[in-house]
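This is what each chain is made of:
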Amino acid sequence: AEALGRGQSGILTESGTLHLVNQSYPFTVHFTGRPAGTPSAASQKGLKSKSMDNGEMGRKAVPKRSIHEFFAGSPKKVAGFDIDGCIITTKSGKVFPTSPDDWRILYPEIQPRLASLLKKGYKVVFFTNQMGISRGKLRPEVFKSKVEDILQTLQLPVQVFVATGPGIYRKPVIGMWQHLCEKANAGVTVDQSESFYVGDAAGRPVNWAPGKKKKDFSCSDRLFALNLGLQFHTPEEFFLGWKKAPFSLPTFDPRKLDSMARLCDPPTASLTSTSQEIIVAVGFPGSGKSTFFQTHIVPKGYEYVNRDTLGSWQNCVKACERGLKEGRSIAVDNTNPDPESRKRYCKSAGVPCRCFNFMASMELAKHNNRVSICSVTNLHLNKFVTPTLSEGFSEILQIHFVPNFADSQLEALYRQFSEG
Ligand SMILES: [Mg+2]
């Protein structure tokens, strides 16, 4: 017997056996047309002794499967599952595990159901978000050994993907699934229409079923399936046969954002002026202010004033005054959430001051920050007061968020639900 480490390779001949995961899961090579002269009796004997090895290890007997069957034949159908709250729950009854061994299989129906999926030719794959790893709260090797314990308990061959931080791999964004399809399915194309995904973060409201059911903390599992166009089930629907529970989707739907929409209201307003002026922005971080100013205003010769680059609002006011003295128009790109912050630029001006109110909702702005189309700045999402003319503005424009995609890949990413 030869032990193989990561990245190493070996050659299997007819009736040779590969054991995955510490002597578990024997996969034996069988050629459909057996090469001439291969002693079939010997291969039978070989199989038997391997089975006995398993018995000696004190593990349940695992059915023999050929490599061909498992790696090449079946995995075009994927049965995907979340782990926490879907395959396992805590023993302690707490929401978060109190220790690495604070887990148990959620329902007794799970193991037989997964086994029958494998028998029907599905590949069983777990997809889990574990942000605690990148936050330094969970050591990767601790989580890895927990996953190994879970698979040891299930006694089934399962492929597992772990998103350790934010970004494209974190559900509901589809990076883990794409990685499976492109890099981790032995070159076999996954058939999305025959595949499905099961998870407990399904956007269900409080009391979604009788018996004091808590509201789902998130909708990220349902949105993961929605982003992929996969059939979706909750664990209770899939393993226990419960009827479909009610649910709600986030109010912001990135698929519906119109990239051909009107940019501003009133539509007849002029974005820039030929006479000297100040433009004061109002809007959430991520509402598209900087992109808008850099695209439409700065190229027309406006001085760009921004707290992130100048450090403080005092420096912004100074830069504003200096620019005005030099006879230039000014664009103030700050969140400017309240009348107090806006009047710093408006009152002292001596030239007309217009307000550009960026209308992107908080949900849209958060989405933008997550997919990083817009610059990410400090989040002061509280206390936005709608600007009025009484603050001293000569005009208030409503600026709508109209996405402009550099390429189709970026658009595909943008059109996915990014959090739920
Ligand atoms: Mg979960």
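Quick caveat, the model's predicted, so the values are computed rather than measured.

Colleague: Got a minute to help me understand the nonpolar core in this structure?
Modeller: Judged by nonpolar contacts, the single largest core of 28 residues is most densely connected at F81, I87, L114, L117, F126 and F239. When residues of this core are traced back to their parent elements, those giving at least two are β4 (77-81), α3 (110-119), β7 (122-129), α5 (140-154), β9 (196-198) and α8 (235-240). Take this core: its biggest share by element is 5 residues, from α5. By size, the runner-up hydrophobic cluster in this structure holds 18 residues, among which are V125, A184, Y197 and F232.

Colleague: Got a minute to help me understand α5 in this structure?
Modeller: Think of an α-helix as 3.6 residues a turn; residues three or four steps apart then line up on the same face. Look at α5: 21 Å from first C-alpha to last across 15 residues, which is about the 21 Å you get at 1.5 Å a residue. Every buried residue belonging to α5 is among V142, F143, K146, V147, I150, L151 and L154, and all of these are buried. Just downstream of α5, Q155 is the residue with a positive phi angle, here 55 degrees.

Colleague: Would you take a moment to explain the packing of aromatic side chains for this structure?
Modeller: Each aromatic ring pair is specified by the distance between its two centres and by the angle formed by the two planes. Per the counting criterion, the structure on display carries 22 aromatic pairs. Ring geometry for F127 versus F224: centroids 5.6 Å apart, planes at 55 degrees, classification tilted. Of this pair, F127 sits in strand β7 while F224 sits in helix α7 (residues 220-228), placing them 97 residues apart in sequence. Assigned by exposure class, F127 and F224 land together as buried. Between F238 and F239, the ring centres sit 5.2 Å apart and the planes meet at 80 degrees, which makes this aromatic pair edge-to-face. Classification of F238 as buried rests on a relative accessible area of 9%. Using a relative accessible area of 7% as the deciding quantity, one classes F239 as buried. Chaining the aromatic ring pairs together yields one cluster made of F81, Y122, F126, F196, F238 and F239. Residue placement shows R113 over the ring face of F238; its charged tip is 3.9 Å from the ring centre. Above the ring of F247, the side-chain terminus of R222 is found at 3.4 Å from the ring centroid.

Colleague: Where do I start with the coordination of the magnesium ion in this structure?
Modeller: A four-donor tetrahedral metal ideally has 109.5 degree angles, and a six-donor octahedral metal ideally has angles of 90 or 180 degrees. Within the protein, the atoms that donate to the magnesium ion are D82 (OD), D84 (O) and D200 (OD), at distances of 2.0 to 2.2 Å. Mapped onto the sequence, the residues coordinating the magnesium ion show the spacing D-x1-D-x115-D. Here D82 falls in the buried class, since its relative accessible area comes to 6%. For D84, a relative accessible area of 32% corresponds to the partly exposed category.

Colleague: Please explain the sheet that holds strand β16 (residues 395-399) as it appears in this structure.
Modeller: Strand pairing in a sheet relies on backbone hydrogen bonds, with the paired strands running either antiparallel or parallel. With respect to topology, 6 strands assemble into an open sheet ordered β11-β16-β15-β12-β14-β13, the strand pairing being mixed. The open sheet terminates on both sides in strands that have one partner only, identified here as β11 (264-265) and β13 (303-305). Note that β13 and strand β14 (residues 330-332) share 3 bridges and pair parallel. What sits directly across from Y304, in β14, is A331. Each of β12 (278-282), β13, β14, β15 (353-358) and β16 touches helix α9 (residues 289-297); the most contacted strand, β15, lies at about 130 degrees to it. Across the face of the sheet, helix α11 (residues 313-325) comes into contact with β12, β13 and β14 while running at roughly 170 degrees to β13.

Colleague: Even after reading the chapter, I still don't get empty space enclosed by the protein, so can you show me in this structure?
Modeller: By rolling a water-sized probe across the atoms, one finds the places where empty space is left. Taken as a whole and assessed by the stated rule, the structure comprises 1 cavity of 30 Å³ or more. Size it by volume and the largest cavity reaches roughly 50 Å³. For the largest cavity, the full set of lining residues is P250, F252, P254, E363, H367, R370, F417, S418 and E419. A per-class count over the lining of the largest cavity returns 4 nonpolar, 2 polar and 3 charged.

Reading guide: rules and limits
- Residues numbered from 1 in each chain as written.
- Predicted model: local features only at pLDDT ≥ 70, side-chain atom pairs only at ≥ 80, totals over all residues.
- Heavy atoms only, no water.
- Core = buried A, V, L, I, M, F, W, Y, C linked by side-chain atoms within 4.5 Å.
- Buried < 20%, exposed > 50% of the residue type's maximum accessible area, 1.4 Å probe, protein only.
- Helix = DSSP H or I, 4+ residues; strand = E, 2+ residues; numbered from the N terminus.
- Expected span 1.5 Å × (residues − 1).
- Phe/Tyr/Trp six-rings, centres within 6.5 Å; stacked < 30°, edge-to-face > 60°.
- Lys NZ or Arg CZ within 6 Å of the ring centre and 35° of its normal.
- Donors = N, O, S within 2.8 Å, 3.2 Å for Na, K, Ca; no water.
- Pairing = 2+ DSSP bridges.
- Contact = heavy atoms within 4.5 Å.
- Axes fitted to C-alpha atoms, helices over the stretch in contact; angles between N-to-C directions.
- 1 Å grid on protein atoms, 1.4 Å probe; cavity = no way out; pocket = protein on both sides within 12 Å on 5 of 7 lines; lining within 4 Å.
- Points joined across faces, edges and corners; volume = space filled by probe spheres on them.
- Nonpolar A, V, L, I, M, F, W, Y, C, P; charged D, E, K, R; others polar.

What is shown is where atoms sit, not what they do.
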